[in-house]
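These are the residues of each chain, in order.
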Amino acid sequence: MKMSCLKGTTISFSCLKLAFPSYPSSFQNLPFRRTIKPLSAALQTSPATSPSTTKAEDQVARSHWKAAIDFKWIKDNKEAVAANIRNRNSDADLELVLQLYDRFFNLQKEVERVRGERNAVANKMKGKMEQSQRQRLIEEGKNLKEGLIALEEDLLKLNDKLQLEAQRIPNMTHPNVPIGGEDSSMTRKLVGSAPEFSFPVKDHLELGKELCLFDFDTAAELYVRCIYYAVSQVSGSKFYYLKNDAVLLEMALVNWTLSEVMKRGFTPLTTPELVRSSVVEKCGFQPRGNNTQVYSIEDSDQCLIGTAEIPVGGLHMDSILAETLLPLKYVAFSHCFRTEAGAAGSATRGLYRVHQFSKVEMFIFCRPEESEHYHEELIKIEEDMFSSLGLHFKTLDMASEDLGAPAYRKFDVEAWMPGLERFGEISSASNCTDYQSRRLGIRYRPSEAPVASPKSSKGNLAPPLFVHTLNATACAVPRMIICLLENYQQEDGSILIPEPLRPFMGGRSVISRKL
Amino acid sequence: MKMSCLKGTTISFSCLKLAFPSYPSSFQNLPFRRTIKPLSAALQTSPATSPSTTKAEDQVARSHWKAAIDFKWIKDNKEAVAANIRNRNSDADLELVLQLYDRFFNLQKEVERVRGERNAVANKMKGKMEQSQRQRLIEEGKNLKEGLIALEEDLLKLNDKLQLEAQRIPNMTHPNVPIGGEDSSMTRKLVGSAPEFSFPVKDHLELGKELCLFDFDTAAEVSGSKFYYLKNDAVLLEMALVNWTLSEVMKRGFTPLTTPELVRSSVVEKCGFQPRGNNTQVYSIEDSDQCLIGTAEIPVGGLHMDSILAETLLPLKYVAFSHCFRTEAGAAGSATRGLYRVHQFSKVEMFIFCRPEESEHYHEELIKIEEDMFSSLGLHFKTLDMASEDLGAPAYRKFDVEAWMPGLERFGEISSASNCTDYQSRRLGIRYRPSEAPVASPKSSKGNLAPPLFVHTLNATACAVPRMIICLLENYQQEDGSILIPEPLRPFMGGRSVISRKL
């Protein structure tokens, strides 16, 4: 069993009982699937039981999976990394990481040295010798073995600490990304214009109420016909039922979006909505932090997904893909669940911020040199779709403090919502470069090895490289419903259905009051 | 604040700090909404934290909601209830329930008596009297008050215990339901015939593999066993099935819904499920009283909880699309390979709230809708009248449809239609007010307002997507491994008539 924590280095842990994720190096010949499971998976078959706690030490205990972080690169580029951490307002501790890395590196050398000595002793014992000499060698071997076990334990713990700290370092940032907070985000594109109304504009909640489209925990009013009731009694606040034409609208949006994106060569998927928490972490989310966005399942290591990005990223975890397969483009439909802990205020009324919603998500696995190209492709698909629905929107190049840790660059689309009297986010497209793939263990094997490469040890097999991953919202249903209701409201309270959706609503062109 | 635990009786708990669900009686004039929240909700605004444990005492502590059980009726019909419990192989303890009920009834009378005495003492104190006499009265009043508090506490605990035991009593059973285990279930209807194949038949897993339709292996790594991704044409097939089913059922006058998939565990219990039992089918959320739904029946039932509906609104017919989550604890074996038994799936569910005298009619309507849909998809299936031991606790009668699955070489359940009569509505607190009061009814105290009655609820699977996918793939497989798409679904798959191998 080999383990490589540092790119290009291998350590043999022949006495280890624990299984560790193996990081491919030129010395390994992994098949397309990982053969050695990380500790957490080795202890599980189906959902495992694990105590639910958020203590830091449990975080170390939990995070047994290892990200393939390029420590050498970080060390060689520490000023840039430090500047990036500052620009992103991240709480990663670079100095600590570098210290831990140096200690780890040196301890690793020490372990190798002691192992070498032990091997030497073992070799000596093969020959003929006097009993006393043999006895001394056995003693020496035993001491070395005990010392080695202790050192290896230290190495493991040090590696865990190193990983814990290093995983907090955010992705690097595209040079064109504006530095600063949300006010620094730059508008890349502005499409359409705000519709003008000759009558008082209503927000989506009011429109929905009149059209019997949803049920929320709103005022204590009762509409006998539409049968208003407090949904909070059933589920809690920020949950809702869609009714009547809102259901058709959701189905139309999903069906249309799926078909639009499939036309552009994306493979459709539906995904599990329960995933192991380790997968959530590997995508760059924090299932166990305070104010976490993630719902966890009791007596289990599973969580509800907040976005299909997570199970789709997991689709190729711990794999080496043939280069000819790339780019892999998926469009996934799923329900998404978010605790929205810490989010409050009037901007979160109605459908704007809810705990559960339907979403169609695009995801691309590609070669590194192509990720910027596909980022542009993804945002173009979004802009085309929102344009064809007649929305007024702007595309923003998000500033450094507003990028999630995984994103190298992020484009958000904000659409005009007349009822809210402001722009509201309807989608987000991120280029995560190799941040997620280094955690999920997703690599590809280039088709041709460079000539006389020092790394190629097996004939012409090039060493595998990490893919880049990108994700982009094709359709977040509640936000789209807000946009459509508020922008297309008519004076009589009915809603005009935009052309592209009509075939998906049985040809209808209007949502109007039920009898 | 009034509380009525027994139909027609009211108790005043003026000293209680706890809020209890109020059960309407002729003394109350509730608006359409319940004004007093059950204890569990009174302690919560958003998802509350509650410790996760499955001990029995915690079950008592948790089950603060009260089912409006008709104890008098049970007492008057105890032989029938006992026979029903036997027929259903239920572990309800009828004798214990009746004992607890008698004790409760008597204790309630005692409480009322003591309260009467205390009121009498309080009244006496209004008049003029000597200081010593007043002092004695004050003493007496104080003793009575302390005694009353103790009695009322006992009454509360007794009521909790009574409820816990009584809630285990299953619904009564339709007289035509066969008595016995699953072998006693009777076939009501048989439609179509098993297709004949001139080539070796493959099961859905094999077909799916060749057509790149699912991925179970990766899902096991990402999520655990019995999870899956649908890919390519399977996604289109799911969307087509859902879209088609929704439109078919809507044509028949059902209101479409999408529902929350996280609900409070009390709502799950009120529908007749056991979120906290051993081998529970229900996933619970950590640090919360919420659970994932196993069926849209739960949030749809909850839609009208603690309400009194105008009779003119009935029947209320809903068709709901949701994802469903089930632990499938205890289910194992080869019959659970592939899509047959999974932890997460899409389902379109029908649900009806109606007047009691109409529930049998709507049960027939629901099964007919299912049979029509499955016929139009060309499936070979049988409808079963499920035997008494196979009914869930809520169901008065249950029709299951089992469709022929050539790859599994047997019939497999694709839907279930239950008439739950008033089992769920007595727990969810769903009643309706008849439009006309009976003339000179002793119960009508407010003019001509008739007392509200419990509705009946019914639920039926319109489409359980994975089981339907199995049926379609296995029945419509062609020799070359492609799948013929049944006619009704073609418009929903962009006009395509075949699922075939990707390049």
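Each chain has its residues counted from 1, following the order in which its sequence is written. Chains and ligands are labelled sequentially in the order written, the chains with letters from A and the ligands with numbers from 1. Selection of residues for local features in this predicted model requires a pLDDT of at least 70, selection of side-chain atom pairs for listing and counting requires 80 or more, and totals for whole chains, interfaces and linings are taken over all residues. Excluding hydrogens and water, the side-chain values take into account all heavy atoms of the structure.

A.B. asks: Explain unusual backbone geometry to me, and be specific about the residues and the numbers.
C.D. replies: Residue and element names in this part refer to chain A. Of note, the amide linkage connecting Leu326 to Pro327 takes the cis form, showing an omega dihedral of 0°. Phi at Cys212 takes a positive value of approximately 55°, unusual for a residue other than glycine. Three exposure classes are used, based on accessible area relative to the maximum for each residue type with a 1.4 Å probe and protein chains only: buried under 20%, partly exposed in between, and exposed over 50%. A relative accessible area of 11% places Cys212 in the buried class. A positive phi angle, near 55°, is found at Glu421, a position not held by glycine.

A.B. asks: How would you sum up the interface of chain B and chain A? Please name residues and give values.
C.D. replies: At the junction of the two partners, chain B supplies 59 residues and chain A supplies 59 residues. Buried area: the accessible area, evaluated with a 1.4 Å probe, that two parts lose upon being put together, summed over both parts. With both sides pooled, the region where chain B packs onto chain A buries about 5,500 Å², and carbon together with sulfur makes up 60% of that total. Salt bridge, as used here: a side-chain nitrogen of Lys or Arg that lies within 4 Å of a carboxyl oxygen of Asp or Glu. The interface formed by chain B and chain A contains zero salt bridges. Counted as a polar contact is a pair of N or O atoms within 3.5 Å, where, for protein atoms, one must be capable of donating a hydrogen and the other of accepting one, and residues adjacent in sequence contribute only when both atoms are in side chains. Between the two partners, chain B and chain A, sit 20 residue pairs in polar contact (both at pLDDT 80 or more). Each helix corresponds to a stretch of at least 4 residues labelled H or I by DSSP, and each strand to a stretch of at least 2 residues labelled E; elements are numbered beginning at the N terminus. When residues of the side of chain B that touches chain A are traced back to their parent elements, those giving at least two are α8 (217-222), β5 (229-231), α9 (233-251), β6 (255-258), β7 (262-264), β8 (290-292), α11 (297-302) and β10 (316-325) of chain B. Sort the elements by how many residues they give to the side of chain B that touches chain A and α9 of chain B lands first, with eight residues. Amino acids outside the nonpolar list (Ala, Val, Leu, Ile, Met, Phe, Trp, Tyr, Cys, Pro) and the charged list (Asp, Glu, Lys, Arg) are all regarded as polar, and Gly is one of them. Across the side of chain B that touches chain A, the residue classes tally to 31 nonpolar, 17 polar and eleven charged. The pairing of strand β5 (residues 241-243) of chain A with β6 of chain B spans two bridges and is antiparallel. Within β6 of chain B, the residue paired with Leu242 of chain A across the bridge is Thr258 of chain B. In this analysis, two residues are considered to be in contact whenever any of their non-hydrogen atoms come within 4.5 Å of each other. We treat two strands as partners when DSSP finds at least two bridges between them.

A.B. asks: Which residues make up the pattern of salt bridges, and what values do they have?
C.D. replies: A complete count under the given rule lists 56 salt bridges over all chains for this structure. With a shortest N-O distance of 2.7 Å, Glu361 of chain A and Lys359 of chain A are connected by a salt bridge. For the residue pair Glu361 of chain A and Lys359 of chain A, the accessibility class agrees, reading buried in each case. We note a salt bridge from Glu371 of chain B to Lys189 of chain B, for which the minimum N-O separation is 3.5 Å. Of this pair, Glu371 of chain B sits in helix α12 (residues 359-376) while Lys189 of chain B is found in strand β3 (residues 186-191), placing the two residues 182 residues apart along the sequence. The exposure class of Lys189 of chain B is partly exposed, given its relative accessible area of 37%.

A.B. asks: Talk me through the sheet that holds strand β17 (residues 456-464) of chain B; I want residue IDs and the actual numbers.
C.D. replies: The strands making up a sheet associate through backbone hydrogen bonding, with each pair oriented either parallel or antiparallel. Spatially, β4(A)-β5(A)-β6(B)-β10(B)-β11(B)-β17(B)-β14(B)-β13(B)-β12(B)-β3(B) is the arrangement adopted by the ten strands of the open sheet, whose pairing is mixed. The sheet terminates laterally at β4 (214-215) of chain A together with β3 of chain B, the two strands that pair on one side only. As judged from the five bridges shared by β3 of chain B and strand β12 (residues 381-385) of chain B, these two strands associate in the antiparallel manner. Note on β12 of chain B: the bridge partner recorded for Thr187 of chain B is Leu384 of chain B. Note on geometry: axes are lines fitted to C-alpha atoms, helical ones only across the stretch in contact, with angles between N-to-C directions running from 0 to 180 degrees. In the packing of helix α8 (residues 245-263) of chain A onto the sheet, the strands contacted are β4 and β5 of chain A together with β6 and β10 of chain B, and the crossing angle to β5 of chain A comes to about 100°.

A.B. asks: Give a detailed account of the UniProt feature "site: Important for serine binding" (unreviewed entry) in chain A, specifying residues and quantitative values.
C.D. replies: Residue and element names in this part refer to chain A. Taken from the UniProt record, the annotation "site: Important for serine binding" (unreviewed entry) applies to Thr473. Inspection of the secondary structure assignment puts Thr473 in strand β17 (residues 468-476). Excluding anything up to four places from it in sequence, Thr473 contacts Lys359, Val360, Glu361, Met362, Glu382, Ile426, Ser427 and Ser428. UniProt positions are given in the numbering used here, feature names are shortened, and annotations may be inferred rather than shown by experiment.

A.B. asks: Which residues make up α12 of chain B, and what are the values?
C.D. replies: Residues spaced three or four apart along an α-helix face the same direction, because each turn holds 3.6 residues. Residue and element names in this part refer to chain B. With 18 residues, α12 extends 26 Å between its outermost C-alpha atoms, agreeing within 8% with the 26 Å of an ideal straight helix rising 1.5 Å per residue. Ser359, Tyr362, His363, Glu365, Leu366, Ile367, Ile369, Glu370, Glu371, Met373 and Phe374 are the residues of α12 that are buried. Immediately downstream of α12, the backbone of Gly378 shows phi near 80°, a positive value. Each helix should span, by expectation, one fewer than its residue count multiplied by 1.5 Å.

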